[in-house]
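Breakdown of the fold
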Amino acid sequence: MSTEVVWTAAPAGYLEAGGVELPSSYPEPTGSPGENCKIGYITPTNAIPGIQKEIDGATGVATEFGCSMVVKDGQLSPQTQVTAVQSLLAEGVRAIIVNPVDPAALAAPIEQANGANVPVITVDAPPGPGDENLAGVTSTVLQSRDMAAFEMAAAVAEAQPDGKVGMIYPAFQSKNLQYQVERFQYWGEELGLEFVAQEEVAAHSPESVSTATSALLQQNPQITAVMAYNDSAASAAAAVVRTLGRTDMVVTGVNGDSGTTGLIADGRILATWAFDNTSMGEQEGRAAINAANGVEIPEKVLSPGAVIDKNNVSSYEPQA
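The following paragraphs examine the structure supplied in this document. (Residues numbered from 1 in each chain as written. Predicted model: local features only at pLDDT ≥ 70, side-chain atom pairs only at ≥ 80, totals over all residues. Heavy atoms only, no water.)

1. Concerning unusual backbone geometry
This is how it is decided: Note on conventions: DSSP H or I runs of at least 4 residues are helices, E runs of at least 2 residues are strands, and numbering of each starts at the N terminus. Relative accessible area decides the class of each residue, using a 1.4 Å probe on protein chains only: under 20% of the type maximum gives buried, over 50% gives exposed, and in between gives partly exposed.
Looking along the chain, the bond that leaves Ala125 and enters Pro126 is cis, with omega of 0 degrees. Turning to its location among the elements, Pro126 is positioned in the loop between β4 (120–123) and β5 (139–142). Even without being glycine, Asn36 reaches a positive phi, approximately 55 degrees. Summarising the element assignment, Asn36 is placed in the segment before β1 (37–43). Judged by relative accessible area, which is 71%, Asn36 ranks as exposed.

Written as structure tokens, this is what we have:
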């Protein structure tokens, strides 16, 4: 019998293990920033699974309070995001939501936004709950990456109390994914796992991940668990594990992608952490409307997520 999916911003054991307690929502806005207001939204890339649900969540809140949403595709380019901020300022937006490809690259345009009295809401920048916001940023919406790392490490530790772990590390430009993998090791060691090695991938593609996983396991045959930076990487790693006949191994992912559910159901992937993209987008929208209205809001808000494993995967409806 399948159990229900439990969305949470406070997994059991997380705070006790050293997490930072943050609010999980912004105040409900009480009014519109004005007639014909526009809110800017800059993605890292529109091709990210689940990003449209996030945009939809933010747009729904903006619409409720009389604002339209102007979306710019970051195209995984820091310079494109810089240009997008400048374009949005020229279009007269009342607030900007941005998920930076390279946070450092946005220092100057954030300063420009501050000079124009346009508040900036960042997403996952910085990704750590204990890290300070970027200079000039009003608030940050966190995508529960530290919780994801904690829960995936906990899943491996439960399946393999003495597990020997290898990691697939994203060497391409993605600060939040890199942070997430680094936290795999932090939480895993807290929970008694042994981290043997990691293999870098220079580009996010199934071919690159497959090559990295093969090298990782051939060079380190003692590894019994592979922790991947997201679900598509986990799927590619699971395929390699199956080809090698390693029935003793477990693989974890992060994102809650629809393509992963079947692999979880048949045991090829142990678990993933699903982000609540719609809820996260709604929080981004609330942050933007409140900030545009001059309302003081928390410096950080932590969005919920959920562990998806064999016990509850049949009850899960993917947003990505």
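2. Looking at the packing of helix α2 (residues 78–90) against helix α3 (residues 107–115)
Note the threshold: Axis lines are fitted through C-alpha atoms, for helices just across the contact stretch, and the angle between N-to-C directions can take any value from 0 to 180 degrees. Under this scheme an angle from 65 to 115 degrees is roughly perpendicular, one under 35 degrees roughly parallel, and one over 145 degrees roughly antiparallel; angles in between are oblique. By the definition used in this description, the sense in which the near helix is turned from the far one sets the handedness, with an anticlockwise turn below a right angle giving left-handed and a clockwise turn giving right-handed. Note on contacts: a residue pair qualifies if any of its non-hydrogen atoms lie within 4.5 Å across the two residues. Following the grouping adopted for this structure description, the nonpolar residues are Ala, Val, Leu, Ile, Met, Phe, Trp, Tyr, Cys and Pro, the charged ones are Asp, Glu, Lys and Arg, and the polar ones are all others, Gly among them.
Running from N to C, α2 and α3 cross one another at 15 degrees; their axes reach a closest spacing of 9 Å. Relative to α3, the element α2 is oriented roughly parallel. Once α2 is placed against α3, the crossing between them reads as left-handed. Residues Val82, Val85, Gln86 and Leu89 of α2 pack against Pro109, Gln112 and Ala113 of α3. Of the residues belonging to the contact of α2 with α3, the class tally is five nonpolar, two polar and no charged.

3. Observations concerning empty space enclosed by the protein
We count it as follows: Of the two site types, the cavity is a set of points on a 1 Å grid over the protein atoms alone where a 1.4 Å probe fits but cannot get out, and the pocket is an open set with protein on both sides within 12 Å along at least five of seven lines, each lined by residues with an atom within 4 Å of a point. Grid points are joined across faces, edges and corners, and a volume is the space filled by probe spheres set on the points.
Applying the stated rule across the entire model yields one cavity of 30 Å³ or more. There is about 30 Å³ of room inside the largest cavity. As for the largest cavity, its lining consists of Tyr14, Pro127, Pro129, Leu142, Ser144, Arg145, Asp146 and Leu302.

4. Quick look at the pattern of salt bridges
Test applied: Salt bridge criterion: a side-chain nitrogen from Lys or Arg within 4 Å of a carboxyl oxygen from Asp or Glu.
Across all of its chains, the model carries seven salt bridges by this definition. The partner of Arg286 in a salt bridge is Glu28, with the nearest N and O atoms 3.2 Å apart. Remark: Glu28 occurs in the segment before β1 and Arg286 occurs in helix α9 (residues 277–292); sequence separation between them is 258 residues. Assessed through its relative accessible area of 40%, Glu28 is described here as partly exposed. Arg183 is the salt-bridge partner of Asp146, the closest N and O atoms lying 2.6 Å from each other. Here Asp146 is found in helix α4 (residues 145–159), whereas its partner Arg183 is found in helix α5 (residues 175–190), with 37 residues between them in sequence.

5. Considerations on the packing of aromatic side chains
We apply this condition: We call Phe, Tyr and Trp rings a pair once their centres come within 6.5 Å, taking the six-membered ring for Trp, and we label the pair stacked below 30 degrees between planes, edge-to-face above 60, and tilted otherwise. We count a charge as sitting over a ring when the NZ of a lysine or the CZ of an arginine lies within 6 Å of the ring centre and within 35 degrees of the ring normal.
Evaluation of the coordinates by the stated rule reveals five aromatic pairs. Measuring from ring centre to ring centre gives 5.5 Å for Tyr14 and Phe150, while their planes differ by 65 degrees; the resulting arrangement is edge-to-face. Remark: Phe150 occurs in helix α4 and Tyr14 occurs in the segment before β1; sequence separation between them is 136 residues. Here Tyr14 falls in the buried class, since its relative accessible area comes to 2%. Each residue in the set Tyr14, Phe150, Tyr186 and Trp187 is aromatic and connected to the rest through ring pairs, giving one cluster. Taking the ring centre of Tyr186 as reference, the NZ or CZ of Arg183 above it sits at 4.1 Å.

6. Notes on α9
The criterion, for reference: A helix's residues, less one, multiplied by 1.5 Å, set its expected span.
Compared with the 22 Å implied by 1.5 Å per residue over 16 residues, the 22 Å span of α9 between its first and last C-alpha is a close match. By the criterion of burial, α9 is predominantly enclosed, with 13 of the 16 residues buried. One or two steps after α9, the chain reaches Gly294, where phi turns positive at roughly 80 degrees.

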